[in-house]
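Residue-level structure breakdown
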Amino acid sequence: MFPGIDGFHWTLGHILFLSLFFLVVLTIFITVASAAWRTSRDFKTHNAADLCWKSDFAELPVSDRRCRHELAGRVMSRTCDNAFDCRHCGKYSQFAVLPVTGHVSRLGIEYSPDRYYHRGHTWLEPSDYGTVKVGLDELATHLVGRPDSVQLPGIGQEIDLNQTAWRMKKNGKEVLVRAPIEGKVIGVGGPEQGWFLKIQPRLDPANPATFRHLLRGAEVHGWFSRELERLQLQLRAPNSPAALADGGVLVPDLMNAVPEADWDTVLADTFLEA
Amino acid sequence: MASTVLTDRRWIARGEERTSLSRFLLWLTPWTVLLAIGVYAAALCLWYGLNQTNMDNRFAFGLWIFLDLGIIALGAGAFFTGFLVYILKRSELKPILNTAVVVGFICYSGAVAILMIDVGQPLRAWFTFWHPNTHSMLTEVTFCISCYLLVLSLEYLPILFRNRQLRKVPSLFVFERQLHMLVPVLAAIGTLLSFFHQGSLGGLYGVLRGRPFAFRTGILIWPSTFFLFILSAIASGPSFLMLVTATVEKVTGRRLVPQDVFRRLAFISGLLLAIYVAAKSIDTLVWLNVTSPSAGFAPWQFYAHKPFGTPILFGEIVLFGLLPASLLLYRKTANHQGLLLTAAAMACSGILLNRFVLTVQTLALPTLPFDEFLSYMPSWQEIASFGGVIAYGVIVYSLSYRYLPLFGSKGDASHVSGN
Amino acid sequence: MSAARYGMVIDLDRCTGCGSCMVACASENNIPALPQATARTGLTPMLVRRVSNSKQGSERREAFFPIMCMHCEHETPCVKVCPQQAVEVDKATGVVMQMPQRCLGCRYCMTACPYHARYFNWWDPSWPAGMEKSLNPGVSSRMRGVVEKCNLCHARLHSAMEKAAAGKREIDAADYIPACVEACPTGAIQFGNLADANDPVTKESKSPESFRLLARLGTEPKVYYKSKEAWVRALAEPNAAPASEVQHG
């Protein structure tokens, strides 16, 4: 068939057929190579994290996508249409000036007014040196209790906003905890230390916009309140009617306390798994 | 204490209800057994040779080739739906797109698997690429089907990577997103390749000067069967998709696509089938009056052998051609699911009958004046291998349905009540 | 050397159906002895078929048709369809050459051949113990899974070409005689170069008693048949008066 082999000669048929075939193969190859190249470029420019999160966010149930301003009582009802990216939300400034309303009821669970809270149930605490400390928030800690194992990133590793910061395993279930901020890991802790990661943020911590996407103060109250409502409904005994208790203290280590619940769904809703 | 029930819940998309793992495994069991038997039969053929089949020197092609052609015709829904959605921008068919890709992938990979057993020397398959004969339709088929299987795999990958756990791997997920952006290119390539290989499969028989029953004239180097096969494939593809989707809906007990999708598929299938019937009728008249007599064969000779009499021709064109086409085109049919699916099944049967006539009947008929009409019954190895392919298809589809988002996103499901 | 077009004229009036040609062919081409092969799975590059005029009693006539590859010249069906060019028409000799080493075993060529002259190796070759001593060393055996057919005793052509090259001359017709031609006791099979106008075979092929099977398909076979019997000549066309094959036991 090929030049050099006995009796071969080019005909128009050969040229047409082979050029068409190679054109097709080339196009397929270019398509795949192009997708691969763009993928690697996405990772280099940290655009990959954005893509992943936006896609995951779109797959979340509506109830997990409530706008923070609704949680804070600033607006009646609003679903976030911007993947919780308050830094680049056109409506943010419009809503942020409205007053926070809502119950002053006792939640039965603590949260710190000095910390920023991420919707994936982590807290973030800026330090004086321009770094931040990140930990698992109180509600999540009550839920998971003491994890069976924790897989932390290495020192020097870059993590991206809303991507996996660390993994925990409990009772055979794996939880991927989303990172509240993008930056470089400069220290790792664990459940004993009360914090999990020390991060050097990629953006300037002095700039208020850097933490704009995180909840703080009274907003956290409204959010925790909704989360507790959700948990009570999800963790109730099957066939019992929906009831929302008021007052009382949240039981620690709920995964062991209520093993028969649908933890798959509970954990997915809590840690914003798609 | 952790729950002791074995569950694969973490692999199933959130908000999606699927049957319990034990029931699912129970469903898979008979298909796995069928697959195992099929693999064993295929292994026998590969180890001992094709004497394990009932094919012989006069029936060089048998059950496998007939089923290969049939599967590929039915799997045409994949490329055609992709063409309609991405090239013609008919977004109403988007809900059926993923399932079309999976069905196409199953059909083509199954066909290629059977072809590898069907040839006497499978390890020499690459010879066709190294010494291609540009005059041969089979060369064209080989090239196009190989490329198209690659395209289908590339179209299947994004669906696979959207699995709940796999999407957590960022590199896979971002690659999937980027590939998804380029999917119109793949759809265009897929359409081009499919056009050619569906046609060439018809051309395989239309060029057989030595088999006047199958031989047709046409346009330039392409016999009329080239175009008839393309038409019949795109007519049967949507019908087959309807049947598959309806079956899945029945088995799972839930509505998976809007009724409008069925309506549209029925219209497309009916219209194309009607055009095909018209074209085939003209082609048959030309063949009966011109092509066959000029080779010295009076057409009555071909239909003089029972059971392959003229009722088969009638069946192909009218009973399983014109009739289902009319039913599918008739608006009210879509209101009765049972009638709709019967029409779809009849359309698919018509196309399968056409493939059968060209593969099996062609070889049964005499060519030399002193030949006799031959018969052939496939051996159990042939039947079992094919049963294995069907089982493979059901298993792959079941796994895809369970673990992958085949039927649209479920982002709106609420979880608060813990249902 | 100018291009030859090797062909045959087979005189059906002389063919007694003895089958020597089949035996010689099997012997020359190292056809395996496979007891499990049937009439439809056996390897018979030369096959003698017994036909009748479908009448009974005193009106019944029978004849024998040696069928092998017709070495078609025009739009050769098997050459056109082979996906990997494992068969080609040799320009120097007109012989349709099958290359089992390149054959994939897809059997498309077998579907294409109207003369059913192609045979598939359904089994690996084997011979009873001791028989391997009688094999022809000039012809390689074929493994299972490939197609084969008559190639006009190519090994003999090679020997003739070697002799011709050594003697710096053209091929001597006496040097190149296919096995079936040599074996036929009545001389029914005549072999020659149809490109040579003086060749007796060429002249015979032009006789009004000569015909080719399925000539109207347009494949230009190079094997001619010859008979004085009209009913035999009518077998050139399939629309002829009914003919049937007589089954052997």
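For the structure, see preceding data.
Below is a summary of the structure that appears in this document. Keep in mind that this is a model prediction, so the values were computed, not measured. (Residues numbered from 1 in each chain as written. Chains lettered and ligands numbered in written order. Predicted model: local features only at pLDDT ≥ 70, side-chain atom pairs only at ≥ 80, totals over all residues. Heavy atoms only, no water.)

Quick look at the overall build of chain A
The helix and strand tally for chain A stands at eight helices and nine strands. On C-alpha atoms alone, chain A measures out to a radius of gyration of 25 Å, which is more than a quarter above the 19 Å that the 2.2 N^0.38 rule sets for 274 residues. For chain A, buried positions account for 50% of its 274 residues. Partitioning the intrachain contacts of chain A with sequence separation of at least 6 by distance along the chain shows that 62% fall at a separation of at least 24. With an accessible surface of roughly 13,300 Å², chain A has 57% of that area assigned to carbon and sulfur atoms. The average position of the 29 basic charges and that of the 32 acidic charges among the side chains of chain A differ by 4 Å. (Helix = DSSP H or I, 4+ residues; strand = E, 2+ residues; numbered from the N terminus. Rg over C-alpha atoms; globule rule 2.2 N^0.38 Å. Buried < 20%, exposed > 50% of the residue type's maximum accessible area, 1.4 Å probe, protein only. Contact = heavy atoms within 4.5 Å. Areas by Shrake-Rupley, 256 points an atom, 1.4 Å probe, with all protein chains shown as cover. Lys, Arg positive; Asp, Glu negative; His and termini not counted. Charge placed at Lys NZ, Arg CZ, Asp CG, Glu CD.)

Looking at the overall build of chain C
From N to C terminus, chain C includes seven helices and eleven strands. Relative to a compact globule of 249 residues, whose C-alpha radius of gyration would be 18 Å, chain C shows 18 Å and is just as compact. In terms of overall dimensions, chain C has C-alpha extents of about 55 × 45 × 35 Å along its principal axes. Buried residues in chain C amount to 54% of all 249 residues. Sequence-distant contacts in chain C: of pairs separated by 6 or more residues, those separated by 24 or more amount to 64%. By element, 54% of the accessible surface of chain C is carried by carbon and sulfur atoms, the whole surface being about 10,800 Å².

Observations concerning the interface of chain B and chain A
The partner chain A presents 51 residues to the 45 residues of chain B that form the contact. Between chain B and chain A lies a buried interface of about 4,300 Å² when both sides are counted; carbon and sulfur atoms form 65% of it. Applying the counting criterion to the chain B and chain A interface returns ten salt bridges. Between D264(A) and R9(B) there is a salt bridge whose closest N-O contact spans 4.0 Å. Viewed at the interface, chain A and chain B are joined by ten residue pairs in polar contact (both at pLDDT 80 or more). Elements with a contribution of two residues or more to the side of chain B that touches chain A: α6 (137-161), α7 (170-181) and α8 (183-206) of chain B. Residues of the side of chain B that touches chain A, tallied by class, amount to 24 nonpolar, ten polar and eleven charged. (Buried area = accessible area lost by both parts, 1.4 Å probe. Salt bridge = Lys/Arg side-chain N within 4 Å of Asp/Glu carboxyl O. Polar contact = N/O pair within 3.5 Å; in protein donor to acceptor, adjacent residues only side chain to side chain. Nonpolar A, V, L, I, M, F, W, Y, C, P; charged D, E, K, R; others polar.)

Some thoughts on the packing of aromatic side chains
Scanning all chains against the criterion turns up 44 aromatic pairs over all chains. Aromatic pair F66(B) and F356(B): ring centres 5.4 Å apart, planes at 80°, arrangement edge-to-face. With F66(B) in helix α2 (residues 63-74) and F356(B) in helix α12 (residues 337-364), this residue pair connects regions lying 290 residues apart in the sequence. For F356(B), a relative accessible area of 24% puts it in the partly exposed group. Through pairs of rings, three or more aromatic residues link up here, namely F17(A), F21(A), F22(A), F129(B) and F143(B). (Phe/Tyr/Trp six-rings, centres within 6.5 Å; stacked < 30°, edge-to-face > 60°.)

Notes on the sheet that holds strand β7 (residues 173-178) of chain A
For sheets, the rule is that strands pair by backbone hydrogen bonds, running either parallel or antiparallel. Residue and element names in this part refer to chain A. One open sheet accounts for three strands, arranged β4-β6-β7; its pairing is antiparallel. In the strand order of this sheet, the two ends are held by β4 (149-151) and β7, each with one partner. Geometrically, the sheet is characterised by an average inter-axis angle of 20° between neighbouring strands, direction not taken into account. Strand direction decides the pairing type here: β4 and strand β6 (residues 164-170), joined by three bridges, are antiparallel. Its bridge partner lying in β6, V150 is registered against M168. (Pairing = 2+ DSSP bridges. Axes fitted to C-alpha atoms, helices over the stretch in contact; angles between N-to-C directions.)

Quick notes on a nonpolar patch on the surface
Residue and element names in this part refer to chain B. The grouping of F314, V318, L319, L322 and L323 at the surface amounts to a nonpolar patch, some 410 Å² of accessible area in total. Here F314 lies in helix α11 (residues 310-329). A residue is classified by how much of its surface remains accessible, and F314, at 48% relative accessible area, is partly exposed. (Patch = residues over 30% accessible without salt bridge, like charges linked within 9 Å, V, L, I, M, F, W, Y side chains within 5 Å.)

A closer look at the side chain of S55(A)
Structurally, the position occupied by S55(A) is in helix α2 (residues 47-59). By relative accessible area, S55(A) is classed as buried at 9%. Setting aside residues no more than four positions away along its own chain, S55(A) makes contact with R162(B), R167(B), F173(B) and R177(B).

A closer look at the pairing of strand β1 (residues 6-11) of chain C
All names here are of chain C. Summarising burial for β1: six of the six residues are buried, a large majority. Neither face of β1 is open: one carries Y6, M8 and I10, the other G7, V9 and D11, and all of them are buried. Pairing of β1 with strand β8 (residues 189-193), which is carried by five bridges, proceeds in the antiparallel orientation. When the sheet's bridge partners are listed, G7 is paired in β8 with G192.

Quick word on the sheet that holds strand β2 (residues 122-126) of chain A
Residues and elements named next belong to chain A. Pairing is antiparallel in the open sheet, where six strands are placed in the order β1-β2-β3-β9-β8-β5. Looking at the sheet topology across the chains shown, the edges are occupied by β1 (116-118) and β5 (158-159). Examined bridge by bridge, β1 and β2 share three bridges and lie antiparallel to one another. Following the sheet pairing, Y117 is matched in β2 by W123.

Notes on the pattern of salt bridges
Residue and element names in this part refer to chain A. Taken as a whole and assessed by the stated rule, the structure comprises 52 salt bridges over all chains. A salt bridge links R226 to E70, with the nearest nitrogen and oxygen atoms 3.1 Å apart. Placement of the pair is R226 in helix α6 (residues 218-235) and E70 in helix α3 (residues 68-71), with a sequence separation of 156 residues. Residue E70 is classed as buried on the basis of its relative accessible area of 9%.

Brief notes about helix α1 (residues 20-28) of chain C
All names here are of chain C. If you check which residues of α1 are buried, you get C21, A24, C25 and E28. Axial view of α1: buried residues confined to an arc of 100°, hence all on one face. Where α1 is buried, its residues contact β2 (47-52), α4 (154-166), α5 (179-183) and β8. Immediately beyond the C-terminal end of α1, within one or two residues, lies N30, with a positive phi of roughly 55°. (Arc of directions from axis to C-beta.)

Side note on the nonpolar core
Grouped together as the largest cluster of nonpolar side chains are 195 residues, with contacts concentrated most on Y397(B), F65(C), L213(C) and Y225(C). Each residue touching Y225(C), except ones within four places of it in the same chain, is listed here: I10(C), L12(C), F65(C), P66(C), I67(C), M70(C), E209(C), S210(C), F211(C) and L213(C). Formed by 45 residues, the second largest nonpolar core is a distinct cluster that contains V177(A), I199(A), V258(A) and F271(A). (Core = buried A, V, L, I, M, F, W, Y, C linked by side-chain atoms within 4.5 Å.)

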